[in-house]
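Observations on the model geometry
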Amino acid sequence: MGWRAVQPPHIAAGLLLLLLVNLPVTCHQDHQDAVHITAILGESVVFNCQVDFPEDIPVPYVLQWEKKVGETGQDIPIYIWYESYPTHSGEGYENRVSKVAPDSPYGAASLNLTNIRESDQGWYECKVVFLNRSPNAHKNGTWFHLDVHAPPRFSITPEDIIYVNLGDAIILNCQAEGTPTPEILWYKDANPVEPSGTVGIFNDGTELRISNIRHEDIGDYTCIARNGEGQVSHTARVIIAGGAVITMPPTNQTKLEGEKVQFSCEAKALPGNVTVKWFREGAPVAEVAALETRVTIRRDGALVINPVAADDSGQYLCEVSNGIGDPQSASAYLNVEYPAKVTFTPTVQYLPFRLAGVVQCYIKANPPLQYVTWTKDKRLLEPYQTKDIVIMNNGSLLFTRVNQNHQGRYTCTPYNAQGTQGSSGPMEVLVRKPPVFTVEPEPLYQRKVGESVEMHCEAQEAEGTQRPSVTWRRRDGLPLQKSRVRALGGNITIDTLRRQDFGIYQCVASNEVATIVADTQLVIEGTQPHAPYNVSGTATEFQVTLRWQPGYAGGPDYKQDYTIWYREAGFSEWTKVPVTPSGATFVTINRLQPGTTYEFQVNSKNTIGEGMMSKAITIRTLDVGAKPKAAPTPAGPVDEKIFQNAPEGSGPKSGPPRNLTVTEVHNGFLITWQAPLERAALVQYYTIKYRTDAQWKTLNRGQIRPEETSYLVKNLVGGRTYYFRVLANSATSYESSEEVKFPVPARVKHKAITAGVVGGILFFIVAIILSVCAVKICNKRKRRKQEKGEHDFVPAAACPPP
């Protein structure tokens, strides 16, 4: 051991390594006698190597462990030990290799290898070199082969959820590592995958391929990797991708103003990244300024408005989407109730002296308005007991004939089922004289096509009121052609007249007190006829009878003839049938198919040419053996006799006329109503029905045009109670307003009786005077003839005897 004393440790180690390279191994064993060891990945193993000393006498030795690596089998030292010197560990073996302890049951040259890796597999050789001794035959080393077994572990797996569409093709890739090499197995819904024309397993089982995905291919696919050390599995779910579906839609809700409302909107989707959007009346709720500080969209999609306001009533729509397919939507209505309230209080309102006028109460109410109370000069006003004052359906006061006593300070208080939010502020109602026309247009202007017409109109204000503005309009609502209309003051001139200029024109004078209107009719001569209107028809199995009202003929010297155009609904070819005799306004079309819907139009012509077509109507012929359908029943209980003169059939109809009122005016009784809210364009004319007992009768003699919503009746009998309804007639059907009860004041009856008595007395007096005069004349004639000796015959009935 003196060598170790004279050499520095690091120099001695270097010399030792050099020595080891040149020294022969004292003991060697063939691979055939190698020891085979199997270890598990991550565990530890001991290579048992004995040291046989010469003559069993311990001597210094160097321990060297080598591993054969590479294709050439190169020996790489992984561990070198010499007593009292630092050990050497090969690359990759640091802190994993060590010599066993002296008291270990293993041989003195044994090597402990920890934390085994798959790369540790291979051949190892134990070498023992005795220092200062010649080689001998003692066996001081051995060969080992290490097999490292590793359980399977995945290196590549498919995604947990795979969204597909029917007909798609997909590849599920599943790769695993381990020793021995793992085997890959595929299962679908716990059953082994059976290859088919569209399903196959490729690349040593690592790929499952599905082409043209069908419903039966949807499910859970499990990849299993296994070897002798264990197995691992991974499941991928193949799902048909689908758009979002609303599972809990919002529902209509009614809330009181100030409460909180929540609309649900839950949805499911694959994939489940659902986006929920909310809209109010078509606008995103986030962009509605009135909702900005009160609206919240929760994470579960619910819409919350807290608190709700009166103006929040409306349609709310939720829209859900996950990017697949079209968004789905559902809507609900929010009805916000609140006590009736006055929304605006004008400080001054005007009533026109000796005309009808209205004092407005601007009201907002939900539920609808029930009634309004009024005060005048701080005293409760009872309109039902006051002459010339009526509370209208909207709560406003109608004065049928204004006088100075109606001037004063008024307030209104509205009520509904929720109560009231209070009275209006005081409104000063002033009675002033209305404007008057100083120049009115002529009742009728007749011009020919291409000519011009000048219509005059002037109005003057009453003392203490503003000068009225004078404008012109068409009663049918059509706009004036500005390019051909010149206005100067209250006068207008229309140049280059055309057929469409035909109509009723109104001069309108208006100021703060009243609006007055003067009508005139402009007739354009020398044109093609206007379109027929009010076309209606009745059907049997094989024929349809049409009736219509003639449009303007084009002038007094023109006669109209008509042609019927009809076709089966949905077909493009029209059939033309001339109407005979000439000028007739009804015709029967024969040889039609039963149970078939037809379209009809009426065209007119005169000597100038063809006019415009009427509006098209559809009529269905009856099925064979079917009976004509009874007329539909209008809203409300009505005696069926009311419909005797109404159009028959079950075709499209308008909504009911609204707000029917009857008021007494100075020259009779004014019946007014409002056009229907729904499908008002279908109204072709109105009919007024009335009764005093069970028998309904028609009040108006001619048809009331759709643009007219009032009718004046003069001959109601005082002391009787009348019931009125207004029918809105379409081409084939009708709708009725609500029934209105109107008791005629008894004083009207007294006026009638007084007028009758006075008339009878006057008639009696006149009869007596005439009789006396006749007797005197006859006596005078007799005396004259007697004096002349003439004896002419005089009938006794002409001159009674004296």
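The structure presented is a predicted model; accordingly, all values stated were derived computationally and were not measured.

Section: the sheet that holds strand 35 (residues 397-399)
Judged by pairing direction, the sheet is antiparallel, and its three strands sit side by side in the order 30-35-34 without closing on themselves. The open sheet has two edge strands with one neighbour each: strand 30 (357-359) and strand 34 (389-391). Neighbour-to-neighbour, the strand axes of this sheet turn through a mean angle of 25°, independent of strand direction. Here strand 34 runs beside strand 35; their pairing, made up of three bridges, is antiparallel. Each bridged residue has a counterpart across the sheet, and for Val-390 the counterpart in strand 35 is Leu-398.

Looking at the sheet that holds strand 13 (residues 183-188)
Remark on secondary structure: sheet strands pair via backbone hydrogen bonds, oriented parallel or antiparallel. Pairing in this open sheet of five strands is mixed, and the strands run 10-18-17-13-14 from one edge to the other. Edge positions in the sheet fall to strand 10 (161-164) and strand 14 (191-192), since each of these pairs with one other strand and no more. The sheet contact formed by strand 13 and strand 14 spans two bridges and is antiparallel. The partner of Tyr-187 across the bridge, within strand 14, is Pro-192.

As for unusual backbone geometry
Backbone torsion omega between Asn-306 and Pro-307 reads -5°, so that peptide bond is classified as cis. Of note, the bond from Asn-366 into Pro-367 is cis; its omega dihedral lies within 30 degrees of zero at 10°. Mapped onto the elements of the fold, Pro-367 is located in the loop between strand 31 (362-366) and strand 32 (371-376). Backbone geometry places Asp-204, a non-glycine residue, at a positive phi of 55°. Looking at the secondary structure, you find Asp-204 in the loop between strand 15 (199-202) and strand 16 (207-210). On the basis of relative accessibility, which here comes to 77%, the residue Asp-204 falls in the exposed class. At Asp-377, a residue that is not glycine, the phi angle is positive and equals roughly 55°. Tracing the backbone through its elements, the reader meets Asp-377 in the loop between strand 32 and strand 33 (379-381). Accessibility expressed as a relative area gives 42% for Asp-377, which makes it partly exposed.

Thresholds applied
Residues numbered from 1 in each chain as written. Predicted model: local features only at pLDDT ≥ 70, side-chain atom pairs only at ≥ 80, totals over all residues. Heavy atoms only, no water. Pairing = 2+ DSSP bridges. Helix = DSSP H or I, 4+ residues; strand = E, 2+ residues; numbered from the N terminus. Axes fitted to C-alpha atoms, helices over the stretch in contact; angles between N-to-C directions. Buried < 20%, exposed > 50% of the residue type's maximum accessible area, 1.4 Å probe, protein only.

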